[in-house]
Amino acid sequence: MSSKPCADKRRSVEWRSRSVEWRRRSVEWRSRSVEWKRAKALVAGTAVCAGMLITVNGATPQVRGTTAALQYIVQGANSGVAAADLRAEHGVVLSALPIVHGVVAKLTADEVTGARRDGLAISRDLPVKVEDATSPADTTSAPPSDYVDVTGASSMWANGINGAGVTVAVLDTGINAKLPDFGSRVVGGIDIANPQYPQTWGNDQYGHGTFVAGLIGSNGVSSNGQYMGVAPGANLVSIRVAGSTGATTESLVIKGVAWAIANQATEGIQVLNISLG
């Protein structure tokens, strides 16, 4: 009996076995391919989630994609309209500025583009300094002794006019209300720089606001009358918009002006002094 048919059957079985093995391996590779695709999708999804809008509170940067959010003053028909339009663009509204029909908000570059497309006026909420904040305020130099003559204050004094009955609001770094040169004439104020402590307007950690208030209303007690303000009888109101660094922002200055207007009658404000750079 010939062995050839048996050999052919054996080879056929081997080829079938190999075919089954290749099919099994093909299924494994397809399965691995699916797993890789799933892994890639998971990584891509994670990356997208990491770049999506993150709502933040306070000064922490908001991120959308790779663009950090910056602080802006946004103006519309009124502050309510500006806030509504910004929320439609996913912006983070921080506070209202009704006096300029706007709000303070944190926006990414894309959100700024969208808001401008909606007709909103947008500008950066830039820093404002009472003077060069890289160096401390000069608290040792006295003003020229003839400045009351140059300003015409001495002639006013001669006619019995010393500011009595007038209230001047000083929008600055605060006023040290404990100085004897002011007596009890620092009659009120607000601390906008630290809204959680609005009653700390009688402090001045930087010194500039107290210096300005002295030029306006010091009675000269600390210098035995040598250095007096131009209106030594005037009352003072402290609107504190900057702290120990002497730096603030445009939005805080706007809030300070708005407070002075809103409280003009209550505080008796007749003059608003702003000495900012």
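Description of the structure in this document. Treat the numbers as computed from the prediction; the structure is a model and nothing was measured.

**Observations regarding helix α6 (residues 208-217)**
Taking burial as the measure, the 10 residues of α6 include 8 buried ones, the bulk of the element. Listing the buried residues of α6 in full gives His 208, Gly 209, Thr 210, Val 212, Ala 213, Gly 214, Ile 216 and Gly 217. Packed against the buried residues of α6 are β8 (167-172), β10 (235-240) and β12 (271-274).

**A short note on the environment of Ser 154**
Mapped onto the secondary structure, Ser 154 falls in helix α5 (residues 153-158). Overall, the relative accessible area of 26% leaves Ser 154 in the partly exposed class.

**Side note on unusual backbone geometry**
Of note in this structure, His 90 is not a glycine but carries a positive phi near 70°. Looking at the element boundaries, His 90 is found in the loop between α2 (79-88) and β4 (92-97). With relative accessibility at 40%, the residue His 90 sits in the partly exposed group. Of note in the backbone geometry, Asn 224 takes a positive phi value of approximately 55° without being a glycine.

**A short note on the pairing of strand β5 (residues 102-107)**
Buried residues dominate β5, accounting for 6 of its 6 residues. The alternating pattern of β5 places Gly 102, Val 104 and Lys 106 on one face and Val 103, Ala 105 and Leu 107 on the opposite face, and all of these are buried. Pairing of strand β3 (residues 70-75) with β5, which is carried by 6 bridges, proceeds in the antiparallel orientation. Of the residues in β5, the one forming a bridge with Ile 73 is Val 104. Note: β4 against β5, 5 bridges, orientation antiparallel. Within the sheet, the bridge partner assigned to Ser 95 lies in β5 and is Val 104. Between β4 and β5, which pair antiparallel in sequence order, lie 4 residues; one of them, His 101, sits at a positive phi of approximately 60°.

**Digging into α2**
Listed as buried for α2 are Ser 79, Ala 82, Ala 83 and Leu 86. In a view along the axis of α2, the buried residues occupy a sector of 100°, so they form one face of it. Looking at where α2 begins, the residue whose side-chain oxygen comes 3.0 Å from the main-chain nitrogen of Gly 80 is Asn 78. Looking one or two residues beyond α2, the residue adopting positive phi is His 90, at roughly 70°.

**Comments concerning the sheet that holds β3**
The 4 strands lie next to each other as β4-β5-β3-β6, forming an open sheet whose pairing is antiparallel. Edge positions in the sheet fall to β4 and β6 (121-124), since each has one partner strand and no second. Here the average twist between neighbouring strands, direction ignored, is 30°. Its contacts with the sheet put α2 on β3, β4 and β5, and the angle it makes with β5 is roughly 20°. Packed onto the sheet, helix α7 (residues 250-262) meets β3, β4, β5 and β6 and runs at close to 35° relative to β4.

**Some remarks on the pattern of salt bridges**
For the coordinates displayed, the defined rule picks out 1 salt bridge. Its salt-bridge partner being Asp 191, residue Arg 240 comes within 2.8 Å of it at the nearest N-O pair. With a gap of 49 residues between them, Arg 240 in strand β10 and Asp 191 in strand β9 (residues 186-191) connect regions that are remote in the sequence. Each member of the pair Arg 240 and Asp 191 is classed as buried.

**Here's the deal with the side chain of Arg 240**
With relative accessibility at 2%, the residue Arg 240 sits in the buried group. For Arg 240, the side chain forms a polar contact with the side chain of Gln 205, separated by 3.1 Å. Among all residues touching Arg 240, those that are not within four sequence positions of it are Asp 172, Thr 173, Gly 174, Ile 190, Asp 191, Ile 192, Ala 193, Asn 194, Thr 200, Trp 201, Asn 203 and Gln 205.

**Quick notes on the sheet that holds β9**
Across the sheet, which stays open at both edges, the 4 strands sit in the order β9-β10-β8-β12 with parallel pairing between neighbours. The sheet is open, and its two edges are formed by β9 and β12, each paired on a single side. Put simply, the sheet's adjacent strands are angled 20° from each other on average, direction ignored. Alignment of β8 against β10, held across 6 bridges, turns out to be parallel. Looking at β10, one finds that Val 170 is bridged to Ser 238. Strand contacts of α6: β8, β10 and β12, with the helix running at about 155° to β8, the strand carrying the most contacts. Helix-sheet contacts for α7 involve β8, β9, β10 and β12, and the interaxial angle to β10 is about 145°.

Reading guide: rules and limits
- Residues numbered from 1 in each chain as written.
- Predicted model: local features only at pLDDT ≥ 70, side-chain atom pairs only at ≥ 80, totals over all residues.
- Heavy atoms only, no water.
- Buried < 20%, exposed > 50% of the residue type's maximum accessible area, 1.4 Å probe, protein only.
- Helix = DSSP H or I, 4+ residues; strand = E, 2+ residues; numbered from the N terminus.
- Contact = heavy atoms within 4.5 Å.
- Pairing = 2+ DSSP bridges.
- Arc of directions from axis to C-beta.
- Polar contact = N/O pair within 3.5 Å; in protein donor to acceptor, adjacent residues only side chain to side chain.
- Axes fitted to C-alpha atoms, helices over the stretch in contact; angles between N-to-C directions.
- Salt bridge = Lys/Arg side-chain N within 4 Å of Asp/Glu carboxyl O.

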